[in-house]
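Observations on the model geometry
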Amino acid sequence: MAALLEIDGLKTYIKQRHGQVQAVDGVSLFIEEGETLGVVGESGCGKTMTGMSVMQLLPPGGYIAGGSIKLDGKELVGLSDNEMRKVRGNEVAVIFQDPMTSLNPTMNIGAQISEGVRIHRQVSRKEALDRAAEVLNLVGMPNPRERLKDFPHQLSGGLRQRVMIAMALSCEPKLLIADEPTTALDVTIQLQILELLYSLKQRLRMAVMLITHDMGVIAGRADRVNVMYAGKIVEQAPTEELFESMRHPYTAALLASIPRLSQNSSAALYSIPGLPPDLSHPPAWCRFQPRCQFATARCREEEPLLTGATPEHQYACFNPVGKGSLRPTAPLTH
Amino acid sequence: MTTATPLSAAEEASQPSTAFLELRHLVKEFPVTAGAVMQRKIGTVKAVSDVSLSVAKGETFGLVGESGCGKTTIGRLIVGLEKPTSGQIWFEGSDIARLRGREFRRRRRDLQLMFQDPYASLDPRMHVGNIIREPLTVQKIGNRQEQDSRVRQLLQEVGLSPKAIDLYPHEFSGGQRQRIGLARALTLNPKLIVADEPVSALDVSIRSQIMNLMNGLQETHGLTYIVISHDLSVVKYLSDRVGVMYLGKLVEVAPSQDIYDHPAHPYTQGLINAIPEPDPKRERSKNLQPIMGELPSAMHPPSGCRFRTRCPRAQEICAEEEPPLRAFGPRHIAACHFPLQTPIATA
Ligand SMILES: Nc1ncnc2c1ncn2[C@@H]1O[C@H](COP(=O)(O)OP(=O)(O)OP(=O)(O)O)[C@@H](O)[C@H]1O
Ligand SMILES: Nc1ncnc2c1ncn2[C@@H]1O[C@H](COP(=O)(O)OP(=O)(O)OP(=O)(O)O)[C@@H](O)[C@H]1O
Ligand code: SF4
Ligand SMILES: [Mg+2]
Ligand SMILES: [Mg+2]
């Protein structure tokens, strides 16, 4: 059976005054029905642009330069704006890091949620408002009926994110793209929102693309993980396997550089030297090569493609790290 | 801290402190105003509400807590960017909250602030060399040549090339800008650096570069750090001791490993539970009990214990009486009526 979402060889570029940014450069991934796929990587590696390519909500100058995006077997690349509008919100919805950017500050919450409902469903204004109160209740908003008349600025960050989730779920999409849904929130509120997303996902049997830079959030919430680096997927694996036996040096180095609460803090952290490459002139070889302590001559000559012993666990590296060898012996000096 | 004869509150307040840095009953209130044109005062926020703590020379003290709990305000009070509403800030034997004029400016050199994102706080039209040099120019220290060599030396110490001198802040990455911020904080050879969210704006792979750099500089310069962050893992990694704040109050202080191993305050425990760790087995076996509800308004904090509206252990007395700080170990204090462990004595 085909997956719910299948992305194949996606290239999303952004034209700028001088040249263009190759934000997403040949990404292939899939999400099964009801599954949570984690997409993790550092700032600028192309996570948001991957998600926004599915929604086809790209920034000015942004365009899909190649590849295919199939939702439930239907090709989305090349659809007209009108056709995409039917897909958005209905079959696939998105929530962002900062709810304020996607909430209308001049409209009350009831009007905003019910407007979304009425675009996709033939219902009366009254029915749409009832639905709005129902979804607000679903996302744990206290006194949902009364809140319908509130404006976004009257709510705390956590409550606003609940409103965003309510809006996204009002038409019961099959796929939710959650782009750093909790990054702007305090940890205690983050936990509430992550638990909420998880219980809603179970209840609505929805698939989630969970985009985050936080390996901790991935560890607890994703079924499978795609690790991105500089516009490419460098490793993909089931979550437990990725954390236990990662093969890509970037994944290993990233995990070794995170301070952990449960770890004795006197041990020095690994630190990855240097910076990611400029995506307007990406190298034709391994993009992690200048920062990689395992790099050999070949890494500067060819681009490593995704391979692996099993289709479930794939990595793009000529010198994959072995199980347990992730912790480099001494922290690199700067 | 045991004294043979306990001092009365008034006596204690009049004694000079022998600690390297000691905050005594520190309070900072801000007026809250409303209306766009006619600003009228509608109340006050106690951003810092009776906080006392002391920090030893060479120590790293971490302050952690959720947004608005008063961390930044404490940092700004320590470096003299704000004046306390009441209370004292003893630094090497003088109450710097009461210093004025030249004496104040001289003491301030020893206490520097490292900003969250130096890009947002530094003049984007200034060359990096001048940004680092500025404190020297302002304080009229050294001639041009001496200043130049100091700038070069500082750049080298924070791992930047001398080419940086003639570049602008926007030509640097976030991690490099944080290095510039560190260099500038170090220019006047301070004794203490308050680092407010030093790595929050940075990517994971860059964070550890900066944290390791901070640790290295602490050793070479004999620095004392106050590290402020909303991220307990960062604070725990960098600090010897950690203070947990909630709505303007210090609710628990302990050596950083003890804070994690044996928290006494339910808020600290909730905070620890809420932090996702990069370990699937651990995360999935966690029996999570999220801290309920939202942060109450800082203008109208709850009566008694400020955490009681979200606390799983709260009982009637929590609304009636403010819990005092009690000792749970040699350097471990917490303020809770129903702590997670038995206190050893009254602090
Ligand atoms: N509006 C835009 N205009 C031009 N370039 C952009 C724009 N948005 C993103 N980019 C570029 O596209 C690349 C990928 O960006 P993207 O937003 O997908 O990264 P991300 O992985 O989501 O990062 P973050 O963690 O910071 O959100 C980056 O190099 C970025 O500079
Ligand atoms: N200049 C000011 N005027 C009015 N209120 C202020 C001012 N500075 C801080 N506050 C208020 O004081 C309280 C404490 O703020 P502070 O910035 O110290 O918190 P914080 O712990 O640093 O939070 P964050 O994690 O968001 O940085 C907040 O309620 C804040 O709104
Ligand atoms: S004093 Fe009461 S409300 Fe406050 S933390 Fe302790 S048990 Fe909870
Ligand atoms: Mg993004
Ligand atoms: Mg702050």
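Heads up: these notes are all about the structure in this document.

**Quick word on the site of ligand 3**
- Near ligand 3 there are 13 residues, and of these B:Cys305, B:Cys311, B:Cys318, B:Cys336 and B:His337 occur at the shortest range.
- Broken down by class, the residue content of the shell around ligand 3 amounts to 9 nonpolar, 2 polar and 2 charged.

**So, empty space enclosed by the protein**
Residue and element names in this part refer to chain A.
- All chains considered together, the criterion is met by 7 cavities of 30 Å³ or more.
- In this structure, the largest cavity is lined by Thr36, Leu194, Leu197, Tyr198, Lys201, Val208, Leu210 and Arg221.
- Those elements that provide at least two residues to the lining of the largest cavity are α8 (187-204) and β8 (207-212).
- Per-element accounting of the lining of the largest cavity gives the leading share, 4 residues, to α8.
- For the lining of the largest cavity, the per-class residue count stands at 5 nonpolar, 1 polar and 2 charged.

**Things to note about the site of ligand 2**
All names here are of chain B.
- Every residue near ligand 2 is listed here: Phe30, Val45, Ala47, Ser67, Gly68, Cys69, Gly70, Lys71, Thr72, Thr73 and Ala298.
- Between ligand 2 and Gly68, the relevant distance is 2.7 Å, taken from an oxygen atom to a main-chain nitrogen or oxygen of the residue.
- Elements with a contribution of two residues or more to the shell around ligand 2: β2 (40-55) and α2 (71-78).
- No other element matches the 3 residues that α2 contributes to the shell around ligand 2.
- Of the residues that constitute the shell around ligand 2, the class distribution is 5 nonpolar, 5 polar and 1 charged.

**Here's the deal with the environment of B:Ala319**
All names here are of chain B.
- Relative to the assigned elements, Ala319 resides in helix α13 (residues 316-320).
- Considered as a pair, Ala319 and Pro302 are 17 residues apart in the sequence and their alpha carbons are 7.5 Å apart.
- Ignoring any residue separated from it by four or fewer positions in sequence, one finds Ala319 in contact with Ser303, Gly304 and Arg308.

**Regarding the pairing of strand β9 (residues 224-229) of chain A**
Residues and elements named next belong to chain A.
- Burial of β9 is extensive: 6 of the 6 residues sit out of reach of the surface.
- Neither face of β9 is open: one carries Arg224, Asn226 and Met228, the other Val225, Val227 and Tyr229, and all of them are buried.
- Alignment of strand β3 (residues 36-40) against β9, held across 4 bridges, turns out to be parallel. Note on β9: the bridge partner recorded for Val40 is Val227.
- Sheet analysis places β9 next to strand β10 (residues 232-238), joined by 6 bridges and oriented antiparallel. Note on β10: the bridge partner recorded for Arg224 is Pro238.

**Structural notes on the sheet that holds β2(B)**
Residues and elements named next belong to chain B.
- What the 4 strands build is an open sheet, ordered β2-β1-β4-β5; its pairing is antiparallel. In the strand order of this sheet, the two ends are held by β2 and β5 (94-95), each with one partner.
- Relative to strand β4 (residues 86-91), strand β1 (residues 21-34) runs antiparallel, the two sharing 5 bridges. For Glu22, the partnering residue across the bridge sits in β4 and is Trp90.
- With respect to the sheet, α2 is in contact with β1, β2 and β4, its orientation differing from that of β1 by roughly 120 degrees.

**Quick word on the interface of chain A and chain B**
- Residue-level contacts link 49 residues of chain A with 42 residues of chain B.
- Both sides of the chain A and chain B interface together cover about 3800 Å² of buried area, and 58% of this is carbon and sulfur.
- Put simply, chain A and chain B have 1 salt bridge between them.
- In this structure, the salt-bridge partner of A:Glu244 is B:Lys281, at a minimum N-O distance of 2.4 Å.
- At the junction of chain A with chain B, the criterion picks out 22 residue pairs in polar contact (both at pLDDT 80 or more).
- Secondary structure elements with two or more residues in the side of chain A that touches chain B: α7 (157-169), α8, α9 (215-221), α10 (239-244) and α11 (249-256) of chain A.
- Of the residues that constitute the side of chain A that touches chain B, the class distribution is 22 nonpolar, 18 polar and 9 charged.

Definitions and limits used
Just so you know, the residues in each chain are numbered from 1, in the order the chain's sequence is written. As a convention, the first chain written is A and the first ligand written is 1, with the rest following in written order. Local features in this predicted model are restricted to residues of pLDDT 70 or higher, and side-chain atom pairs are both shown and tallied only at a pLDDT of 80 or more, whereas totals for entire chains, interfaces and linings draw on every residue. Computation of side-chain values covers all heavy atoms of the structure but excludes hydrogens and water. In these notes, residues near a molecule or strand are those with any non-hydrogen atom within 4 Å of it. Classes in brief: Ala, Val, Leu, Ile, Met, Phe, Trp, Tyr, Cys and Pro nonpolar; Asp, Glu, Lys and Arg charged; the others, Gly included, polar. Here the term cavity refers to a set of points on a 1 Å grid, laid over the protein atoms alone, in which a 1.4 Å probe fits but cannot get out; the term pocket refers to an open set having protein on both sides within 12 Å along at least five of seven lines, with lining residues being those that place an atom within 4 Å of a point. Grid points are joined across faces, edges and corners, and a volume is the space filled by probe spheres set on the points. Secondary structure elements follow DSSP: runs of H or I no shorter than four residues count as helices, runs of E no shorter than two count as strands, and numbering proceeds from the N terminus. Any pair of N or O atoms that falls within 3.5 Å is considered a polar contact. Within protein, one atom must be able to donate a hydrogen and the other to accept it, and sequence-neighbouring residues count only if both atoms are side-chain atoms. Residues are treated as being in contact if the distance between any of their heavy atoms lies within 4.5 Å. Relative accessible area decides the class of each residue, using a 1.4 Å probe on protein chains only: under 20% of the type maximum gives buried, over 50% gives exposed, and in between gives partly exposed. Two strands qualify as a pair provided DSSP detects at least 2 bridges between them. Axes here mean lines fitted to C-alpha atoms, for a helix over just the part in contact, with angles spanning 0 to 180 degrees between N-to-C directions. Accessible area that two parts lose when put together, evaluated with a 1.4 Å probe and summed over both, is termed the buried area. A side-chain nitrogen of Lys or Arg and a carboxyl oxygen of Asp or Glu constitute a salt bridge if their distance falls within 4 Å.

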